[in-house]
Amino acid sequence: MTEPAAGGPAPVRILVCDDHVVVRAGLLALLDSAPGIEVVGEAGTGEEALALAARLDPDVVLMDLQLGAGIDGVETTRRLTTGAPTTGAPTTGTPTAGIGRAPHVLVLTTYDTDADITRAIEAGATGYLLKAERPEELFAAIHAAARGRTALSGPVAGRVMANLRKPRPALTDRERDILAQLATGLGNREIARALFISEATVKTHLRRIYDKLGVDTRAGAVAVAKEQRLLP
């Protein structure tokens, strides 16, 4: 790491979270050569990242999405950015006593699906980068994230813009009601009881929902609905 000039800005303090030891070691070696960046800690799990963030107070957490056992990168991001407790059940987005100053989270991952991008951004990630980026792009994104500026890989930015331009499926109020019930994990019979309609009617609406969303499974319908922000 290059030391800041006398009187110059303090380096960006980074916490790296990735469950692959080799990947983490490579990132640490790479970031050690970056000007104006100081790695203050490394974590292999979401829980460890939360604990270290509370103790080390980083400016930016470099976050992988898939972290093996325990909470994933999205839930870790949510807890970091909302100041949520370092342990316990998933949060609902309400800030509570926890890690203190909330760091910015810069996702660094190999996954670039619409669902992954949407979940990370909704969880509060400041930026979303792919691991295929050049080192210079990563360094620039870290500095941008430290200032609270959005940093997106080119392919990710393209997906975000395409989704914004894509017209949302026109669902009826009843279809939205059923979709919302579906997202809670209810079966057809439970949905019918909750909405005071017949099970046959639920099945009819589900077929229409599948057709409009271009899916053929319940899980697919929920995933697309979240991507398109069709759920409350």
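Above this text sits the structure in question.
Overview of the structure. Values in this document were obtained by computation on a predicted structure and should not be read as measured data. Every chain is numbered on its own, with residues counted from 1 as its sequence reads. The model is predicted, so local features are restricted to residues of pLDDT at least 70 and side-chain atom pairs to those at 80 or more, both for listing and for counting; the totals for chains, interfaces and linings are taken over all residues. Heavy atoms from the whole structure form the basis of all side-chain values; hydrogens and water molecules are not counted.

Now for the packing of helix α1 (residues 21-32) against helix α5 (residues 135-146). The convention used is that axes are lines fitted to C-alpha atoms, helices contributing only their stretch in contact, and that angles between N-to-C directions extend from 0 to 180 degrees. Here a strand is any run of E in DSSP of at least two residues, a helix any run of H or I of at least four, and the numbering for each starts at the N terminus. Running from N to C, α1 and α5 point in directions that differ by 75°, and their axes come no closer than 11 Å. Our classification of the angle between α1 and α5 gives roughly perpendicular. Only P135, L138, F139 and I142 of α5 make contact with α1, whose side of the interface consists of L27, L30 and L31. Looking at the contact of α1 with α5 residue by residue, the classes come out as seven nonpolar, no polar and no charged. Any angle between 65 and 115 degrees counts as roughly perpendicular, while under 35 counts as roughly parallel, over 145 as roughly antiparallel, and the rest as oblique. Residue contacts are counted whenever heavy atoms from the two residues lie within 4.5 Å of one another. Amino acid classes used here: Ala, Val, Leu, Ile, Met, Phe, Trp, Tyr, Cys and Pro are nonpolar; Asp, Glu, Lys and Arg are charged; the rest, including Gly, are polar.

Right, let's talk about the pairing of strand β5 (residues 127-130) for a bit. Residues in a regular strand point their side chains to alternate faces of the sheet. Between buried and exposed lies partly exposed: a residue is buried under 20% and exposed over 50% of the maximum accessible area for its type, with that area taken using a 1.4 Å probe on protein chains only. Side-chain alternation along β5 places G127 and L129 on one buried face and Y128 and L130 on a second face that is also buried. Pairing of strand β4 (residues 104-109) with β5, which is carried by four bridges, proceeds in the parallel orientation. Bridge assignment links L106 to a residue of β5, and that residue is G127. Viewed with both strands pointing away, a crossover whose connecting path from the first strand over the helix to the second turns clockwise is right-handed. Between the parallel elements β4 and β5, the chain passes through helix α4 (residues 114-122) in a crossover that is right-handed. Crossover connection from β5 via α5 to parallel strand β6 (residues 151-152): handedness left-handed. A strand pair is defined by DSSP finding two or more bridges across the two strands.

Now for helix α7 (residues 173-183). All buried positions along α7 are accounted for by E175, I178, L179 and L182. The buried residues of α7 occupy an angular sector of 100° when the element is viewed end-on, so they sit on one face. Against α8 (188-195), α9 (199-213) and α10 (218-227) lie the buried residues of α7. Note on α7: the residue one or two positions beyond its end, G185, has a positive phi of about 95°. Arc definition: it is the arc formed by the directions from the helix axis to the C-beta atoms.

Okay, the pattern of salt bridges next. Within this document, salt bridges are pairs made up of a side-chain nitrogen of Lys or Arg and a carboxyl oxygen of Asp or Glu, the two lying within 4 Å of each other. With the rule as written, the count across this model stands at ten salt bridges. Between E42 and R24 there is a salt bridge; the shortest N-O distance is 2.8 Å. You can see E42 sitting in strand β2 (residues 37-43) and its partner R24 sitting in helix α1, a full 18 residues away along the chain. Given a relative accessible area of 35%, E42 falls into the partly exposed group. Close ionic contact of R119 with D72 constitutes a salt bridge, the shortest N to O distance being 3.1 Å. In this pair, R119 sits in helix α4 while D72 sits in the loop between β3 (60-63) and α3 (73-82), placing the two residues 47 residues apart along the sequence.

Okay, the nonpolar core next. Residues enter a nonpolar core if they are buried and are Ala, Val, Leu, Ile, Met, Phe, Trp, Tyr or Cys, with the set joined through side-chain atoms within 4.5 Å. I14, L31, L62, L106, L138 and I142 are the most contacted members of the largest nonpolar core, which has 20 residues in total. Listed by contribution, the elements that provide at least two residues to this core are β1 (12-17), α1, β3, β4 and α5. Considering each element in turn, this core owes the most residues, six residues, to α5. Non-local contacts of I14, meaning those with residues more than four positions away in its chain, are made with L31, I37, E38, V39, V40, G41, P58, V60, L62 and I142. Within the second largest apolar cluster, 18 residues are counted, among which are L171, I178, L182 and V202.

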